[in-house]
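What follows is each chain in one-letter form.
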Amino acid sequence: MSKTNAFTSLPIVDISALRGTDPEARAKVAAELGEAARNIGFLYVTGHGMAPSLFDDLVAAAQDFFARPVDEKMQVYIGQSSNHRGYVPIGEEVFYGASKDLKEAFDLAEDLPADDADYVAGNPMLGPNQWPALPGFRERVGAYYDAVMSVGRDLLHGFAEALGQAPDIFDEFVTKPPSQLRLVHYPFNPAAVDATGIGAHTDYECFTLLHVTAPGLEVMNGAGEWIDIPPLPGAFVVNIGDMLETWTNGLFTATSHRVRKVQEERYSFPLFFNVDYYTRVAPLPAFIREGEPVRPALIAGEHLHAQTAQSFTYLRKRIEAGTLKLPESALGLSSFGREARQKIAR
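So, how was this worked out
- Residues numbered from 1 in each chain as written.
- Predicted model: local features only at pLDDT ≥ 70, side-chain atom pairs only at ≥ 80, totals over all residues.
- Heavy atoms only, no water.
- Helix = DSSP H or I, 4+ residues; strand = E, 2+ residues; numbered from the N terminus.
- Buried < 20%, exposed > 50% of the residue type's maximum accessible area, 1.4 Å probe, protein only.
- Contact = heavy atoms within 4.5 Å.
- Areas by Shrake-Rupley, 256 points an atom, 1.4 Å probe, with all protein chains shown as cover.
- Axes fitted to C-alpha atoms, helices over the stretch in contact; angles between N-to-C directions.
- Parallel < 35°, antiparallel > 145°, perpendicular 65-115°, else oblique.
- Left-handed = near helix turned anticlockwise from the far one by under 90°.
- Pairing = 2+ DSSP bridges.
- Right-handed = clockwise from strand over helix to strand, strands pointing away.
- Core = buried A, V, L, I, M, F, W, Y, C linked by side-chain atoms within 4.5 Å.
- Expected span 1.5 Å × (residues − 1).
- Arc of directions from axis to C-beta.

Novice: Tell me what's going on with the overall build of the protein chain, and back it up with residues and numbers.
Specialist: Secondary structure summary: the protein chain contains 9 helices and 14 strands in total. Here the protein chain holds 346 residues, and the buried ones make up 56% of them. Look at the contacts in the protein chain between residues 6 or more apart in sequence, and 77% of them connect residues 24 or more apart. For the protein chain, the accessible area works out to roughly 14,300 Å², and carbon and sulfur atoms hold 53% of it.

Novice: Which residues make up the packing of helix 2 (residues 52–66) against helix 5 (residues 137–162), and what values do they have?
Specialist: Running from N to C, helix 2 and helix 5 point in directions that differ by 135°, and their axes come no closer than 9 Å. On the basis of their axis angle, the class for helix 2 and helix 5 is oblique. Considering the relative orientation of helix 2 and helix 5, their crossing is left-handed. Contacts from Leu54, Phe55, Asp57, Leu58, Ala60, Ala61, Asp64 and Phe65 in helix 2 reach Phe137, Arg140, Val141, Ala143, Tyr144 and Ala147 in helix 5.

Novice: Before we move on, can you summarise the pairing of strand 2 (residues 42–46) with the specific residues and values?
Specialist: Counting buried residues in strand 2 gives 5 out of 5 residues, a clear majority hidden from the surface. In the sheet, strand 1 (residues 12–14) pairs with strand 2 via 3 bridges, with the strands oriented parallel. Across the sheet, residue Val13 finds its bridge partner in strand 2, namely Val45. Remark: the strand 1/helix 1 (residues 23–39)/strand 2 crossover connection has right-handed handedness. Across 4 bridges, the pairing between strand 2 and strand 10 (residues 236–240) is antiparallel.

Novice: Residues and numbers for the nonpolar core, please.
Specialist: Ranked by size, the top nonpolar core spans 67 residues in total, and within it Phe159, Leu183 and Phe236 carry the most contacts. A total of 13 residues in this core trace back to one element, the largest contributor, which is helix 5. The residues contacting Leu183, other than those within four sequence positions of it, are Leu58, Ala62, Phe66, Glu104, Ala105, Phe106, Leu108, Phe137, Val141, Ser268 and Phe269. Core analysis: the next-biggest nonpolar cluster, separate from the first, contains 13 residues, Ile40, Tyr44, Val212 and Val219 among them.

Novice: I'd like a rundown of helix 2, residues and numbers included.
Specialist: For helix 2, spanning 15 residues, the distance from its first C-alpha to its last is 22 Å, which sits close to the expected 21 Å at 1.5 Å a residue. For helix 2, the set of buried residues is Leu54, Phe55, Leu58, Val59, Ala61, Ala62, Phe65 and Phe66. Taken end-on, helix 2 shows its buried residues confined to a sector of 160°, consistent with a single buried face. For helix 2, the exposed residues set more than 90 degrees away from the buried face come down to Pro52 and Asp56.

Novice: With reference to specific residues and values, describe the sheet that holds strand 10.
Specialist: Taken in spatial order, the 8 strands of this open sheet run 1-2-10-7-12-5-4-3, and their pairing is mixed. With partners counted over all chains shown, the strands left at the sheet margins are strand 1 and strand 3 (86–88), one partner each. Within the sheet, the average angular offset between the axes of one strand and its neighbour, ignoring direction, is 25°. Of the pairings in the sheet, the one linking strand 7 (residues 207–212) to strand 10 comprises 4 bridges and is antiparallel in character. By the bridge assignment, Leu210 is partnered in strand 10 with Val237.

So, in structure tokens, the structure goes:
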């Protein structure tokens, strides 16, 4: 299989062996992860060890929050946060080449104290969450966040082994990462036939673990075709992000994806697993070959913030007003993945 692979479905990888001590079983999982990451950039992951009740509680918490009146949800509006946490109303987020997204969301990450040194210093992605005043919401969502981050660490080890590296090679960069969990709600809208729910993009972090309640996700294959990816009960959909594409100098693929045909109420819960904000991500020596182009290095958090600022209305307004400046290294939206390659090919 090659990166021009016109895949029509995703592989399923059981990662339970990553929590065990059998080296042969771990090697088998790593090989399967590596094949999926190189040739597709997307896969289903089973054997993650998370209790189904964690998913159920998360869905219940999201349903409770999004059913509230808009003025109540706006009490934790993301635009009043200095570190990008809180409620995202419909129309706030706009991806490259897309109309305003037909969704609302609630964004959170590691809940750092208000006296955290990075937050006090004005880091735009680190600090405390804004929590709505709903009984049990923080507890249910927080329990899911902690559990899915643990799965993410297992996967990080698996991807490292897939690259022929020590499983803990990336651990030093995951101490206080801006790994964001999004609770996303696509309201029922019978007029939304063939409407784009979320514009095409790659994810800005290392990889994403997605739990979703209904179909709608599409990914771009190597032939530039959009392929439906239905939810698989009990499994995560996992996709490679910009950081792993950079670290591997393009060996791993950050595959473009989008949400379409949102005709039913739908909940989506992506966890964007990232490394620490100030991590310099550059191609590992093992993936630099003479005569081949070398991807430019990125600062993980700066890349995340720059991409976020270009797609959220409240941040774009700050850029236009001159109160927010993107780093000089900022890339445009859709600079990674197959969509970018298709643009170059055209």
